[in-house]
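# Topology and contacts: notes
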Amino acid sequence: MIELENIVKNFNSDKNNKAIHAVNDVSLTINDGEIYGIIGFSGAGKSTLVRCINLLERPDSGHVRIDGVEMTELKPHDLYKARTKIGMIFQQFNLMPSRTVFQNVAYPLKGMTRDEVRKRVQSLLKLVEISDKENAYPSELSGGQKQRVAIARALANDPKILLCDEATSALDPQTTGSILQLLKDLNKMLGLTIVVITHEMEVVKNICRKAAVMDAGRIIESGDVFTIFSNPQHEVTKNFVRTTSNLSKIEALIRDDSPMVKLKPGELMARLVYVHADVSEPLISYASRAFDIEINIILADVEIVAGSMVGGTVVIFNGEREKINRAIDYYKSKNIRVEVIQDAGA
């Protein structure tokens with residue numbers, strides 16, 4: 001559905017007139033019906049990249065193909081028509097304060113009779129579960145309700161693609177969850193291709209199957225979300241994953257010399273990380289019995305990402321070193337990555 005090939009977009013800096021490489025030679029393919037995440041810290045270039053998809057930002061070079069059509073070659077009238085099939089929602093909702101919810105959603109509808117507009121708007125408001133706010137003004141709505149109105153407006157022209165630029169960043173966690181669930185439902189019901197731009201790994205984890213990580217205008221890592229979470233390759237990606245994992249707290253406990261992490265002679269502390277989607281066995285209890293060692297769980301963070309279990313535990317092994325080593329070999333045979341954190345020696 002979306003093909004970006006060698007996209008470059010530069011801006012001139014106010015100082016010294018130096019070029020800022022907002023997007024630097026990015027190629028990306030997003031399939032029809034996918035929910036695809038593009039994640040990066042502030043300034044990574046992700047918002048500029050998404051605006052290149054509908055040519056709100058025209059690339060300096062490269063190709064943008066939507067459903068096989070080269071967007072950069074379209075004449076203004078044809079580009080306008082093509083854009084009607086690409087809806088977009090934003091962090092700040094961009095609703096018109098002087099218009100009612102009904103009027104905001106109706107705004108993009110051109111060439112319809114009044115009755116057709118009314119039916120279309122009411123259908124959309126029902127779809128996003130906000131029919132009771134039809135005559136309300138944006139100032140009377142909560143953040144989540146405003147975003148539902150913005151989604152309804154973005155769907156007005158029956159688009160094939162929905163671009164979400166930090167669409168949940170201004171919302172509290174509970175409201176964010178409800179908006180993400182709505183987007184997942186719309187993806188299933190309407191077959192929408194959804195592109196999610198965010199700096200929040202939680203958002204990607206909850207809604208996307210595939211994702212790309214951006215840094216300094218480039219894509220540094222991409223693939224299915226489970227692999228990115230369970231086995232990040234780039235340091236920037238590792239930092240993102242750490243922000244969502246309780247396992248990162250172990251460094252703070254060690255730094256603070258917490259009694260929880262003081263090792264006795266012969267003990268070994270390790271992080272066990274699940275790196276494949278088929279881990280479902282009671283691995284801690286089995287290894288403790290099978291190898292006659294004690295395994296003390298210090299931290300655990302296991303959750304479902306893209307339909308599979310991801311995460312791990314921080315544990316302290318206590319017992320004969322040979323038996324501990326056999327347990328570690330067992331974990332490795334079960335697709336568990338073992339990272340030694342501290343070792344009190346044999």
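## So, the domain arrangement of the chain
The domains assigned to the chain are domain 1 (2-230) and domain 2 (246-343). A C-alpha centroid distance of 40 Å is found between domain 1 and domain 2.

## Description of the pattern of salt bridges
Using the criterion set out here, one finds 18 salt bridges in the structure. For Lys210, the salt bridge goes to Glu34, with nearest N and O atoms at 3.3 Å. Residue Lys210 is located in strand β9 (residues 210-215), and its partner Glu34 is located in the loop between β2 (19-30) and β3 (35-39); the two are separated by 176 residues in the primary sequence. Overall, the relative accessible area of 15% leaves Glu34 in the buried class. Notably, a salt bridge pairs Asp292 with Lys323, separated by 3.2 Å at the nearest N-O pair. With a gap of 31 residues between them, Asp292 in the loop between α11 (283-290) and β12 (294-305) and Lys323 in helix α12 (residues 321-333) connect regions that are remote in the sequence.

## Overview of the sheet that holds strand β1 (residues 2-12)
With antiparallel pairing, 4 strands are arranged side by side in an open sheet as β2-β1-β4-β5. The open sheet is flanked by β2 and β5 (69-70), the only strands paired with a single partner. The sheet contact formed by β1 and β2 spans 9 bridges and is antiparallel. Bridge pairing links Ile2 to Ile30 in β2. Packing of helix α1 (residues 46-53) onto the sheet brings it into contact with β1, β2 and β4 (61-66), and relative to β1 it is tilted by some 120 degrees.

## As for empty space enclosed by the protein
Summed over all chains, the structure comprises 1 cavity of 30 Å³ or more. Looking at the largest cavity, its volume works out to about 50 Å³. As for the largest cavity, its lining consists of Cys164, Glu166, Ala167, Thr168, Leu180, Leu183, Val196, Ile197, Thr198 and Val203. For the lining of the largest cavity, the secondary structure elements donating two or more residues are α6 (173-190) and β8 (193-198). Here the element with the most residues in the lining of the largest cavity is β8; it accounts for 3 residues.

What counts and what doesn't
Residues numbered from 1 in each chain as written. Predicted model: local features only at pLDDT ≥ 70, side-chain atom pairs only at ≥ 80, totals over all residues. Heavy atoms only, no water. Domains from an automatic or database assignment. Salt bridge = Lys/Arg side-chain N within 4 Å of Asp/Glu carboxyl O. Helix = DSSP H or I, 4+ residues; strand = E, 2+ residues; numbered from the N terminus. Buried < 20%, exposed > 50% of the residue type's maximum accessible area, 1.4 Å probe, protein only. Pairing = 2+ DSSP bridges. Contact = heavy atoms within 4.5 Å. Axes fitted to C-alpha atoms, helices over the stretch in contact; angles between N-to-C directions. 1 Å grid on protein atoms, 1.4 Å probe; cavity = no way out; pocket = protein on both sides within 12 Å on 5 of 7 lines; lining within 4 Å. Points joined across faces, edges and corners; volume = space filled by probe spheres on them.

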